[in-house]
Amino acid sequence: QVQLAESGGGLVQAGGSLSVSCAASGGTFSSYAMGWFRQAPGKEREFVAAISGSGGRTYYADSVKGRFTASRDNAKNTVYLQMNSLKPEDTAVYYCAAAPLVRVVADMYDYWGQGTQVTVSS
């Protein structure tokens, strides 16, 4: 059983930057691919980014490519999402999730954090 806890969300102006983190406990962290998803009010949860267990491969949604960077520190059991050039449409609750393999579909992830709110003001 893997427990995930996000932190680092907050309020930022458009064009600004924010970093969110996800700390994992239980299980072997490096054996899990990690995904970031987000859900805005009234919208479905959408894929943002994913990173392989080793950190050697990353994948991004087109909407965030070039602006967001996923990384991980397996020694600290933590995955990060660095968000730059933020836009109001990036406002959402951001979730991290763990899966045996890198996936872009939320249903393929086994474990989820509670989410952290990111709000981008215009």
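Residues numbered from 1 in each chain as written. Predicted model: local features only at pLDDT ≥ 70, side-chain atom pairs only at ≥ 80, totals over all residues. Heavy atoms only, no water.

The next subject is the pairing of strand 8 (residues 78-83). Bridge analysis of strand 3 (residues 18-25) against strand 8 gives 6 bridges, and the strand direction is antiparallel. Residue C22 lies in a different strand from strand 8, and its bridge partner there is V79. Count of turn residues in the strand 7 (residues 68-73)/strand 8 antiparallel hairpin: 4 residues, of which N77 carries a positive phi of about 55°. (Pairing = 2+ DSSP bridges. Helix = DSSP H or I, 4+ residues; strand = E, 2+ residues; numbered from the N terminus.)

So, on to unusual backbone geometry. In this structure, N77 takes a positive phi of about 55° despite not being glycine. N77 sits in the partly exposed class, given a relative accessible area of 28%. One non-glycine residue, S85, adopts positive backbone phi at about 50°. Within the secondary structure, S85 sits in the loop between strand 8 and strand 9 (92-99). (Buried < 20%, exposed > 50% of the residue type's maximum accessible area, 1.4 Å probe, protein only.)

What follows deals with the state of the cysteines. A complete count under the given rule lists 1 disulfide for this structure. The side chain of C22 participates in a disulfide bridge whose partner is C96; the two sulfur atoms lie 2.0 Å from each other. Judged by the torsion about the S-S bond (55°), the C22/C96 disulfide is right-handed. Residue C22 is found in strand 3, and its partner C96 is found in strand 9; the two are separated by 74 residues along the sequence. Side by side, C22 and C96 carry an identical accessibility label, which is buried. (Disulfide = S-S within 2.5 Å.)

Turning our attention to the nonpolar core. Ranked by internal contacts, the top residues of the largest apolar core, which has 40 residues, are L4, M34, W36, L81 and M83. Mapped by element, the contributors of at least two residues to this core are strand 3, strand 4 (33-39), strand 5 (46-51), strand 7, strand 8, strand 9 and strand 11 (116-121). The element best represented in this core is strand 9, accounting for 6 residues. Each residue touching L81, except ones within four places of it in the same chain, is listed here: L18, S19, V20, W36, V48, A49, F68, T69, A70 and Y94. (Core = buried A, V, L, I, M, F, W, Y, C linked by side-chain atoms within 4.5 Å. Contact = heavy atoms within 4.5 Å.)

Take the packing of aromatic side chains next. This structure, assessed with the given rule, holds 6 aromatic pairs. On the numbers, 5.1 Å between centres and 55° between planes, the contact of F37 with W112 is tilted. With a gap of 75 residues between them, F37 in strand 4 and W112 in strand 10 (residues 111-112) connect regions that are remote in the sequence. Classification of W112 as partly exposed rests on a relative accessible area of 26%. Pairwise contacts between aromatic rings join F37, F47, Y95, Y109 and W112 into one cluster. Here the guanidinium or amino end of R45 rests over the ring plane of W112, the centre of that ring lying 4.7 Å away. (Phe/Tyr/Trp six-rings, centres within 6.5 Å; stacked < 30°, edge-to-face > 60°. Lys NZ or Arg CZ within 6 Å of the ring centre and 35° of its normal.)

Just distances and angles here, no functional claims.
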